[in-house]
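A structural walkthrough
Now for the letters of each chain:
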Amino acid sequence: MNNIPKIHFILPGGGVRGAFQAGFLYKLTKEYSDKFEIVRIDGTSVGSINGFAVMNNDIEKLRETWMNVTNVNDLFDNWSDTPVIGYLSSAYYGYHNSGLFSNSKLKNIIKNTHDTGWEEKNKTEQDKYSCAVVNLENGKTKYVYGSDPNIIDYVTASASPWVISNPVDIDGEQYADGSLLETYPIKHVNKCNANFTVIVGYDQEHFKYVSGDNRNLLTYLANLIDISRFNSLNTHKLKELIDSGEVIGIANPMTMLFVHFDNEAIKEGFRTGEEFAESFYKTYIHKKEANHEDNGKDKDKDKATDLEINDNSDNKISISQNQKLD
């Protein structure tokens, strides 16, 4: 157990593009969970949901959720479903509740991935997980750890896109989508004794912004969010970490808007994530196992930045990690 690589997963936000991230984690933990150790998972927005499911060992429910997402109402509720009047009522309550949709359904989805065994874990194990939220009272990012008694509420807040969904009240304060300030929860990089720190699914348009269409309110909001992320200090710090080789950055091949609920595209993104996970295993985990067998005395010598990628291996990860970001 001590000889297997220790991995720190950083799971950014990205809306429906989180299907790629979910597929990656599903494949890696389902097929190779005995080949590596998770020392930390930090998630923001959709990454907080995916990470929470993995830490709760509930990857089958995670897969089922993603396979059945067909529209926004599979994750968020309308404020009212009464014909005609319901539409006006939803608009009214959305205005007064600070969100176009209610996140009550999202909270139930998160609850369903909350294994009863989670409460039996000790605080140290629970706190290997964190989600990032924004405190609307002081305007700052807050990292909330797994042992917090309100962790489900915080994950819900982290995964509730601003304006699209309402903020969450917790202990007299309001919290919202962690991606507002930190799409990439990088607070614990180089602080948790990991052999590899892996950013699963960073969005390339955050480094090379391309304007999208603004045909309706949701796509317009999605573009505004991408603009804010493109110019954020958090994104620039991530770029430095990837370019320096301190982290393994796996680019998300899904390029759809984060509110584009296309079931076939989501399923394809999930399957692509599984393919990338296989490539990651061959390129990093299996390679480290082989290196350890060849040099048992230097079991801790390998670092993510020192690995030489085999040109004959699946190149999805090598292309994703080694490209320099403009």
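Calculation criteria
Residues numbered from 1 in each chain as written. Predicted model: local features only at pLDDT ≥ 70, side-chain atom pairs only at ≥ 80, totals over all residues. Heavy atoms only, no water. Helix = DSSP H or I, 4+ residues; strand = E, 2+ residues; numbered from the N terminus. Buried < 20%, exposed > 50% of the residue type's maximum accessible area, 1.4 Å probe, protein only. Contact = heavy atoms within 4.5 Å. Pairing = 2+ DSSP bridges. Patch = residues over 30% accessible without salt bridge, like charges linked within 9 Å, V, L, I, M, F, W, Y side chains within 5 Å. Areas by Shrake-Rupley, 256 points an atom, 1.4 Å probe, with all protein chains shown as cover. Salt bridge = Lys/Arg side-chain N within 4 Å of Asp/Glu carboxyl O. Core = buried A, V, L, I, M, F, W, Y, C linked by side-chain atoms within 4.5 Å. Arc of directions from axis to C-beta. Axes fitted to C-alpha atoms, helices over the stretch in contact; angles between N-to-C directions. Left-handed = near helix turned anticlockwise from the far one by under 90°. Nonpolar A, V, L, I, M, F, W, Y, C, P; charged D, E, K, R; others polar. Phe/Tyr/Trp six-rings, centres within 6.5 Å; stacked < 30°, edge-to-face > 60°. Parallel < 35°, antiparallel > 145°, perpendicular 65-115°, else oblique. Expected span 1.5 Å × (residues − 1). Polar contact = N/O pair within 3.5 Å; in protein donor to acceptor, adjacent residues only side chain to side chain.

Okay, the overall build of the protein next. The secondary structure content of the protein amounts to 11 helices and 10 strands. Buried positions account for 54% of the 326 residues belonging to the protein. Within the protein, contacts between residues separated by at least 24 positions form 77% of all contacts whose residues are at least 6 apart in sequence.

This paragraph deals with the pairing of strand E9 (residues 196-202). For E9, the tally of buried residues reaches seven of seven residues, placing the bulk of the element in the interior. Sheet topology note: the E9/strand E10 (residues 248-251) ladder contains four bridges and is parallel. Along E10, the bridge assignment pairs Val-198 with Ile-248.

Together, Leu-217, Tyr-220, Leu-224 and Ile-227 make up a nonpolar patch on the protein surface, roughly 340 Å² of accessible area in all. The class for Ile-227 is partly exposed, based on a relative accessible area of 35%.

Let us now look at the nonpolar core. Judged by nonpolar contacts, the single largest core of 70 residues is most densely connected at Phe-9, Phe-24, Leu-28, Tyr-129, Val-198 and Phe-280. Grouped together as the second largest cluster of nonpolar side chains are 12 residues, Ile-10, Val-189, Tyr-202 and Leu-238 included.

All right, on to helix H5 (residues 104-112) then. Three or more residues of H5 are buried, namely Leu-106, Ile-109 and Ile-110. Looking down the long axis of H5, one finds its buried residues gathered within 100 degrees of arc, a one-sided arrangement.

Oppositely charged side chains can pair when the atoms bearing their charge come close. The tally for this structure, following the rule as stated, stands at 10 salt bridges. Between Glu-278 and Lys-27 there is a salt bridge; the shortest N-O distance is 3.9 Å. Placement of the pair is Glu-278 in helix H10 (residues 263-294) and Lys-27 in helix H1 (residues 18-32), with a sequence separation of 251 residues.

Let's shift gears to the packing of helix H2 (residues 46-55) against helix H3 (residues 59-67). Between H2 and H3, whose axes approach to 8 Å, the crossing angle comes to 145 degrees. Where H2 crosses over H3, the handedness of that crossing is right-handed. Of H3, the residues touching H2 (which contributes Val-46, Asn-50, Ala-53 and Val-54) are Ile-59, Leu-62 and Trp-66. Classifying every residue of the contact of H2 with H3 by side-chain character gives six nonpolar, one polar and no charged.

With phi around 55 degrees, Ser-45 is a residue other than glycine that occupies positive phi space. For Ser-45, the location among the structural elements is in the loop between strand E2 (37-44) and H2. Of the residues examined, Ser-45 reaches a relative accessible area of 5% and is grouped as buried. Here Asn-190, not a glycine, exhibits a phi torsion of approximately 65 degrees, which is positive.

The subject of this paragraph is the packing of aromatic side chains. What describes a pair of aromatic rings is the distance from one ring centre to the other and the angle between the planes of the rings. Under the definition given, this model contains 10 aromatic pairs. When the centroid spacing of 3.8 Å and the interplanar angle of 5 degrees are considered together, the rings of Tyr-32 and Tyr-281 count as stacked. Of this pair, Tyr-32 sits in helix H1 while Tyr-281 sits in helix H10; the two residues are 249 residues apart in sequence, bridging distant segments of the chain. Overall, the relative accessible area of 13% leaves Tyr-32 in the buried class. Given the relative accessible area of 10%, Tyr-281 is considered buried. Site record: aromatic cluster; members linked through ring pairs are Phe-24, Phe-196, Phe-280 and Tyr-284.

In contact at an axis separation of 9 Å, H5 and helix H7 (residues 151-158) are set at 130 degrees when each is read in the N-to-C sense. Classified by the interaxial angle, the pair formed by H5 and H7 is oblique. Seen from above, H5 lies across H7 with right-handed handedness. Counted together, Leu-106, Lys-107, Ile-110 and Lys-111 of H5 and Ile-152, Asp-153, Val-155 and Thr-156 of H7 form the full contact between these two elements.

For H1, with 15 residues, the first-to-last C-alpha span of 21 Å sits near the 21 Å given by 1.5 Å per residue. The element H1 is extensively covered by neighbouring structure, given that 13 of its 15 residues are classed as buried.

Here Asn-223 is to be found in helix H8 (residues 217-230). In sequence terms Asn-223 and Ser-211 are 12 residues apart; their C-alpha atoms lie 7.1 Å from each other.

A separate point is the environment of Glu-246. With respect to the element layout, Glu-246 can be found in the loop between helix H9 (233-244) and E10. Glu-246 gets classed as partly exposed once you look at its relative accessible area, which sits at 35%. Sequence spacing of Glu-246 and Phe-196 is 50 residues, and the spatial spacing of their C-alpha atoms is 8.6 Å. Of the polar contacts made by the side chain of Glu-246, one reaches the side chain of Asn-190; its length is 2.7 Å.

Function-wise, these values are silent; they only describe arrangement.
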